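Letter by letter, the chains look like this.
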Amino acid sequence: MRQGMANRAVAEQLGVPRGTVGWWRYEDRRRHGETFTHPTDCPRCTDQALDGPAYAYLLGLYLGDGHIISKPKQHHLSIYCADAWPGLIESAGAAMRKVMSLPSVNQRQRDGCVEVKSYSQHWPCLFPQHGPGKKHERRISLESWQQRIVDAHPWEFIRGLIHSDGCRVTNWTIRLVGGEHKRYEYPRYLFTNKSEDILNLYSDTLDKVGVEWKTTRRGKDPYNISVARKASVALMDTHIGPKY
């Protein structure tokens, strides 16, 4: 092994699992005082440039339908995308690769959705919002470097949030026109999240790009943010559009 033979070859020669050989190699290095770290292109830990638009979009996806699983010596970022939106599945994987190209990106089919995942020790560096418990049960705020990226690429951040916990729908209502009741249809965007902090991040960013919005409530708690004004919907259509 010290001469450079691969773990797989050693495992096949000795008839033991590759994981066992890997553990032997780790223990041997530890006893000899050697340190081993996996290569990384983490923009927070190296001089690698961070792709701002891709990160802003991935941040929106993470805050909506993503999480990081942490285990000793292993972390992975997962984004869950409904089967109905194959374009979203591809966009999530592409954003992960643009933010960090070295970790592999895989897909795992779940019940009605696809889990897009990537393994790297450094995903928590890029998403410091990671922590124990559900997002809506703890404080969620952006660090200053994240806010600068969102300010520079607000539409990408909004698009990530809409692609995760949002939608574009057609609403209808009945109006009295000329003494007759007529059905009136209009498009609107909805963003739904139980975290008031995430709702505020979304609405604050809408303010910065000039989109009018209002909050609808479920009981006493804010639940949906609706964009229904014609000019604002047109602006959203220009930059976001329906899921695909």
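Just so we're clear, the structure is a prediction, and the values are computed from it rather than from any experiment.

### Re the sheet that holds strand 1 (residues 66-71)
Spatially, four strands are ordered 1-2-4-3 in an open sheet, and the strand pairing comes out antiparallel. Unpaired on one side and paired on the other, strand 1 and strand 3 (105-109) mark the two borders of the sheet. Each strand axis lies, on average, 25° off the axis of its neighbour in the sheet, ignoring direction. Across six bridges, the pairing between strand 1 and strand 2 (residues 74-82) is antiparallel.

### A closer look at the pairing of strand 2
Bridging between strand 2 and strand 4 (residues 113-119) involves seven bridges; their strand directions are antiparallel. Its bridge partner lying in strand 4, His 76 is registered against Tyr 119.

### Notes on the pairing of strand 4
Of all the seven residues making up strand 4, six are buried; the element is thus mostly covered by neighbouring parts of the structure. In the sheet, strand 3 pairs with strand 4 via five bridges, with the strands oriented antiparallel. Residue pairing across strands places Asn 106 opposite Lys 117, the latter belonging to strand 4. A loop of three residues connects strand 3 with strand 4, the two strands running antiparallel in sequence, and Gly 112 in this loop sits at a positive phi of about 85°.

### So, helix 2 (residues 18-31)
Along an α-helix, residues three or four apart share an orientation, since each turn contains 3.6 residues. Helix length check: helix 2, at 14 residues, gives a terminal C-alpha distance of 20 Å against a target of 20 Å (1.5 Å per residue), a fit within 8%. Where helix 2 is concerned, the buried positions are Val 21, Arg 25, Glu 27 and Asp 28. Angular distribution of buried residues about the axis of helix 2 spans 165°; they occupy a single face of the element. Each element contacted by the buried residues of helix 2 is listed here: helix 1 (7-14). Within two residues after helix 2, Gly 33 carries a phi angle of roughly 75°, on the positive side.

### Remarks on the pattern of salt bridges
Under the criterion given, the structure shown has eight salt bridges. With a shortest N-O distance of 3.7 Å, Lys 117 and Glu 115 are connected by a salt bridge. Grouping residues by exposure puts Lys 117 and Glu 115 together as buried. The network of salt bridges with common partners includes Arg 110, Glu 115 and Lys 117.

### Remarks on the nonpolar core
The biggest cluster of nonpolar side chains holds 51 residues, and the ones touching the most others in it are Leu 58, Trp 123, Phe 127, Tyr 202 and Met 236. With nine residues, helix 3 (residues 52-65) is the single largest residue contributor to this core. Beyond its immediate stretch of four places on either side in the chain, Tyr 202 contacts Ile 158, Leu 161, Ile 162, Phe 191, Ile 225, Val 227 and Met 236.

### Considering the side chain of Ser 195
One can find Ser 195 in the loop between strand 6 (180-192) and helix 8 (196-209). A relative accessible area of 2% places Ser 195 in the buried class. Once you skip the residues sitting within four places of it in the chain, Ser 195 turns out to touch Lys 135, His 136 and Ile 140.

Cut-offs used in this document
Residues numbered from 1 in each chain as written. Predicted model: local features only at pLDDT ≥ 70, side-chain atom pairs only at ≥ 80, totals over all residues. Heavy atoms only, no water. Pairing = 2+ DSSP bridges. Helix = DSSP H or I, 4+ residues; strand = E, 2+ residues; numbered from the N terminus. Axes fitted to C-alpha atoms, helices over the stretch in contact; angles between N-to-C directions. Buried < 20%, exposed > 50% of the residue type's maximum accessible area, 1.4 Å probe, protein only. Expected span 1.5 Å × (residues − 1). Arc of directions from axis to C-beta. Contact = heavy atoms within 4.5 Å. Salt bridge = Lys/Arg side-chain N within 4 Å of Asp/Glu carboxyl O. Core = buried A, V, L, I, M, F, W, Y, C linked by side-chain atoms within 4.5 Å.

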